[in-house]
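Descriptive analysis of the structure
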Amino acid sequence: MRIQAFVLKKQPTGEYDQLVTLYTRQAGRIDTVAKSMLRPRSVQALHVDTLSRIECDLVEGRAYPIITGAQEEKSFRVLKNNLVSLAIAYHIAEVVQRMTFDRQHDEYLWSFLVRTFDYLNLHPLEKSQGSATLHAVQAELSSILGYAPNLTQCAHCGKEEESFTAFSPELIGVMCG
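Values in this document were obtained by computation on a predicted structure and should not be read as measured data. (Residues numbered from 1 in each chain as written. Predicted model: local features only at pLDDT ≥ 70, side-chain atom pairs only at ≥ 80, totals over all residues. Heavy atoms only, no water.)

Moving on: the packing of helix H3 (residues 83–99) against helix H5 (residues 127–145). Between two packed helices, both the angle of their axes relative to each other and the distance between the axes serve to describe the pair. Running from N to C, H3 and H5 cross one another at 20°; their axes reach a closest spacing of 10 Å. Regarding the angle of H3 to H5, the classification is roughly parallel. The interaxial crossing formed by H3 with H5 has right-handed handedness. Every residue of H5 that contacts H3 at Val-84, Ile-88, His-91, Ile-92, Val-95, Val-96 and Met-99 is listed here: Lys-127, Gly-130, Thr-133, Leu-134, Val-137, Gln-138, Leu-141 and Leu-145. (Axes fitted to C-alpha atoms, helices over the stretch in contact; angles between N-to-C directions. Helix = DSSP H or I, 4+ residues; strand = E, 2+ residues; numbered from the N terminus. Parallel < 35°, antiparallel > 145°, perpendicular 65-115°, else oblique. Left-handed = near helix turned anticlockwise from the far one by under 90°. Contact = heavy atoms within 4.5 Å.)

Next comes the structure, spelled out in structure tokens:
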């Protein structure tokens with residue numbers, strides 16, 4: 001199966017293999033195995049880099065799908081050379097890796113990843129821009145993942161009003177009087 005994916009995380013398993021967490025356009029988050037990635041002359045290791053967008057072939061393995069071939073589509077070199085952009089990109093990767101379920105596809109999340117990584121790659125951030133950009137990214141990501149607070153209607157009764165009197169952390173939204 002040929003898929004497009006973002007490489008979220010890599011960790012060694014065994015002597016030469018790596019467990020690679022991907023967020024794919026076709027199937028959502030998938031943990032895969034890349035065989036012989038840590039060998040000194042591995043060609044595949046050059047293409048499967050953390051925070052890169054790749055196109056790869058997967059075959060079913062015993063426990064995890066196995067990456068049999070990979071081609072890097074976009075490396076995001078500018079993003080990786082800017083510390084502020086890199087920190088935001090790693091934060092996004094960590095949130096997606098921890099807050100999504102295995103093999104649950106979400107086209108909005110895929111579009112968010114493409115758009116955000118492209119933006120961070122095209123617009124290197126200054127240290128003073130990092131906090132505002134991170135908060136904007138967190139707000140949009142929370143909304144896509146379903147964790148954003150409801151600010152348009154009462155979380156208790158459902159009425160849509162202009163003036164709310166309180167915020168309820170338990171109900172994750174605003175409340176009317």
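Here we come to unusual backbone geometry. Of note in this structure, Phe-76 is not a glycine but carries a positive phi near 60°. Examined against the element boundaries, Phe-76 turns out to sit in the loop between strand E5 (66–74) and helix H2 (77–80).

Residues in a regular strand point their side chains to alternate faces of the sheet. One ladder, built from 2 bridges, connects strand E3 (residues 28–34) with E5; its direction is parallel. When the sheet's bridge partners are listed, Ala-34 is paired in E5 with Ile-67. When strand E4 (residues 53–59) meets E5, the two strands line up antiparallel, connected through 7 bridges. When the sheet's bridge partners are listed, Asp-57 is paired in E5 with Gly-69. Between the antiparallel neighbours E4 and E5 lie 6 residues. (Pairing = 2+ DSSP bridges.)

With 19 residues, H5 extends 27 Å between its outermost C-alpha atoms, agreeing within 8% with the 27 Å of an ideal straight helix rising 1.5 Å per residue. Of all the residues in H5, the buried ones are Gly-130, Thr-133, Val-137, Leu-141 and Leu-145. Those residues of H5 that are buried are in contact with H3 and helix H4 (107–122). In the segment just after H5, Gly-146 is the residue with positive phi, at about 90°. (Expected span 1.5 Å × (residues − 1). Buried < 20%, exposed > 50% of the residue type's maximum accessible area, 1.4 Å probe, protein only.)

Time to look at the pairing of E3. Buried residues dominate E3, accounting for 7 of its 7 residues. Of the strand pairs in this sheet, strand E2 (residues 17–24) and E3 are connected by 7 bridges, and their pairing is antiparallel. Within E3, the residue paired with Tyr-23 across the bridge is Arg-29. With antiparallel pairing between neighbouring strands as the criterion, E2 and E3 make up a hairpin whose turn holds 3 residues.

Moving on, we get to the nonpolar core. If you look at the biggest cluster of nonpolar residues, it comprises 23 residues, and the most contacted ones within it are Ile-92, Val-96, Leu-113 and Phe-117. Going through the elements one at a time, strand E1 (2–13), H3, H4 and H5 are the ones with two or more residues in this core. Per element, the largest residue contribution to this core is 7 residues, and it comes from H3. Apart from the residues within four sequence positions on either side, Leu-113 is in contact with Phe-6, Tyr-23, Ile-92 and Val-96. Residues Val-7, Val-20, Leu-22 and Cys-56 belong to the second largest nonpolar core, which totals 15 residues. (Core = buried A, V, L, I, M, F, W, Y, C linked by side-chain atoms within 4.5 Å.)

It is worth stressing that arrangement in space is one thing and function is another; only the former is reported here.
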